[in-house]
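# A look at the structure
These are the residues of each chain, in order.
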Amino acid sequence: MSEQQLDWTPWPEDFARRYREAGYWQSQTLFSMLAAQAEQQPEKLALVAGKQRLNYRELKLYAERLAAGLYARGLRPGQRAVVQLPNCAEFFIVAFALFRLGMLPVFALPAHRRAEVSYFCQHTDAAVYICADQHGGFDYRALVAELLPLAPSLQHVIVAGDAGDYTPLNSLYLMDQPLPAEPDASGLAFFQLSGGSTGVPKLIPRTHDDYLYSFAASAEICGLSRDSVYLCVLPAGHNFPMSSPGSFGVFHAGGTVVLASGPSVDESFELIEAESVTIAALVPPLVPLWLDAAAKQPGKLASLRLLQVGGAKFGPELAARVEPALGCKLQQVFGMAEGLVNYTRLDDGPERVLHTQGRPISADDEVRIVDDEDQPVAPGEVGHLLTRGPYTIRGYWRAADHNQRAFTADGFYRTGDLVSMNADGYLTVEGRAKDQINRGGEKISAEEVENHLLAHPLVRDVAIVAMSDPYLGERSCAFIIPREQQAIRLPQVAAFLRERGLAAYKIPDRLELVDTLPQTSVGKVSKKTLRQMLEQKLAAQP
Ligand code: J2J
């Protein structure tokens, strides 16, 4: 067995054969998908990012030259690269360069900080870290200085923009240099990040074969063509804007990706009008902002045909306002970086589009809805969603123990979501069994933040739960038992977590000091009781 096979869990041979025979897995790498477009329509506009406009020929050429530069520096297929870039042209040049070389990117979110990035580097023995000079008021070069002592595997730090002491990305483009053969499409292509409910984030190994199938099939479901122009508002490395159908689905269809630098509605609307955008994807909290802006600026969205909303629960009341206010079709998307993605279809009527989160991409997505004992619930009843299929992973990277709990013995992924399925096979998300907070689409593992807080000298014990929020859907609240009657306040908690290098979205929004934490009958902290206590308290407030 090769070392790589020990690190991740490939699909069993009989499943792999079936997925190949069904035509899902096409033995095409992510880079060769781009190369095929560059061959077929070299001059077609592939990417708009700020002032940069790259056609398919240029995007492929830059990726190849960068791959050559990385290779010349001694970087080799199979090595890992932690990539933390905002929405910019370099994001895709770097991604496709790494795919060409057969290196495996880990796409960190721009919001991640020392704690997350150092963990990604350590857990994957990353050979290289690639970041921007600065973005959103944060200097990533300062992060590098803190990172280097924590990540001894790093051989190179590469910076897009003003590189300071590190290697400028611009210096790595090499022409006419040798490259190794392309990687095998059945092997790993890169890592997605898990929303997570455990002490440390989990890495999701995706293959060229499975990922390409997921976004190619998504592109078909969403009716993408060469005429499609996709506005990428969310961070480009997140699974939703990357693959559902996202930028990769658009490249597969030969359309154009337009990058917004952030979630600003004004910027998005300008780009939609200027580039004749046809499709965009949002998390629910952005939707009311778009509805308000559209009322003030009628006509700006004339080209928009489809608005996708996903990442967190999108209620029917708000959903009902989308089509009349924006003049485009709404699509609900319920997906996960581990695999399974559900869509309402373009020809679905309001009952499905407003009240369900869609149905799976593939006829070979197997879905089970079970009770606490893993027994199927009655049709239409709420239960735990388990799934397996041609683009759902069979295990996290280097996580043998956790995989025992996160997957059934026959390879179904335990999503942690509570869903019901109607007679037509459409799923409705009814809740969550996993210990996570979904803060407007940003996922927070309670245990991860609790572990950090337990290191605070004034914290005796802590439990973090979700509280409902009219804007973000959920925010996080930390219940803390302080040590020795010493009160601890939210600003101290926030400063402490920032100091520990945690991404800002994980900092609790609210703090409750308590003497004890309620327990379940088996002696675990009862988060259900905590959520109820919080709801009562918030309801009693004016
Ligand atoms: C309720 N909960 C949802 C929805 C995701 C497409 C779209 C989203 C993601 C994503 C993705 C939800 N209603 N419509 O990867 O390709 C919650 C569920 C799920 C978790 C996964 C994609 N859409 N969720 O959000 O890996 O709890 O992927 O298990 O970030 O988000 O989170 P993530």
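Here's what I pulled together on the structure shown here. Only a predicted model underlies this, so the values are computations on that prediction, with no experimental measurement involved.

### Side note on the environment of Ala219
Inspection of the secondary structure assignment puts Ala219 in helix 8 (residues 208-221). According to the relative accessible area criterion, Ala219 is buried, its value standing at 5%. Linking Ala219 and Trp290, residues 71 residues apart in sequence, is a C-alpha distance of 24 Å. Setting aside its immediate chain neighbours within four residues, Ala219 contacts Leu224, Pro245 and Gly249.

### Some thoughts on the pairing of strand 8 (residues 156-160)
Counting buried positions along strand 8 gives five out of five residues, so the element sits mostly inside the fold. Burial of the side chains of strand 8 extends over both faces: His156, Ile158 and Ala160 are buried on one face and Val157 and Val159 on the other. The pairing of strand 5 (residues 128-132) with strand 8 spans five bridges and is classified as parallel. By the bridge assignment, Ile130 is partnered in strand 8 with Ile158.

### Topic: the sheet that holds strand 27 (residues 510-513)
Overall, mixed pairing links the three strands, which are arranged 25-26-27 in an open sheet. Two strands bound the open sheet, and with one partner strand each, they are strand 25 (459-469) and strand 27. Averaged over all neighbouring strand pairs, the angle between strand axes comes to 25°, with direction disregarded. Note: strand 25 against strand 26 (residues 473-482), ten bridges, orientation antiparallel. Bridge pairing in strand 26 places Ala466 opposite Ser476. Contacting strand 25 and strand 26, helix 16 (residues 446-454) runs over the sheet at an angle of about 145° to strand 25.

### A few points about the site of the ligand
Near the ligand there are 20 residues, and of these His238, Ser244, Val333, Asp417 and Lys434 occur at the shortest range. Between the ligand and Asn239 there is a distance of 3.0 Å, counted from an oxygen atom to a side-chain nitrogen or oxygen. Lys443 places a side-chain nitrogen or oxygen 2.9 Å from an oxygen atom of the ligand. Within the complex, the protein chains bury 96% of what would otherwise be the 610 Å² of accessible surface of the ligand. Mapped by element, the contributors of at least two residues to the shell around the ligand are helix 9 (239-243) and strand 16 (329-336). When residues in the shell around the ligand are grouped by element, the largest group, four residues, is from strand 16. Considering only residue class, the shell around the ligand consists of eight nonpolar, eight polar and four charged.

Calculation notes
The numbers attached to residues start from 1 for each chain and follow its sequence in the written order. Selection of residues for local features in this predicted model requires a pLDDT of at least 70, selection of side-chain atom pairs for listing and counting requires 80 or more, and totals for whole chains, interfaces and linings are taken over all residues. Note that the side-chain values use all heavy atoms of the structure and ignore hydrogens as well as water. Runs of E in the DSSP output that reach at least two residues are strands. Runs of H or I that reach at least four are helices, and both are numbered from the N terminus. To sort residues, take the accessible area from a 1.4 Å probe on protein chains only and compare it with the maximum for the residue type: under 20% means buried, over 50% means exposed, and anything in between is partly exposed. Contact between two residues is taken to exist if any of their heavy atoms lie within 4.5 Å; hydrogens are not considered. Only strands that DSSP links by at least two bridges are regarded as paired with each other. Helix axes use the C-alpha atoms of the stretch in contact, all axes being lines fitted to C-alpha atoms, and the angles between their N-to-C directions lie in the range 0 to 180 degrees. We call a residue near a molecule or strand when any one of its heavy atoms sits within 4 Å of it. We define a polar contact as two N or O atoms separated by no more than 3.5 Å, with the added condition that, inside protein, one atom must be a possible hydrogen donor and the other a possible acceptor, whereas residues neighbouring each other in sequence contribute only through side-chain atom pairs. Areas reported as accessible are Shrake-Rupley estimates using a 1.4 Å probe. Residue values count occlusion only from the protein chains shown. Under the scheme applied, nonpolar residues are Ala, Val, Leu, Ile, Met, Phe, Trp, Tyr, Cys and Pro; charged residues are Asp, Glu, Lys and Arg; polar residues are all the others, including Gly.

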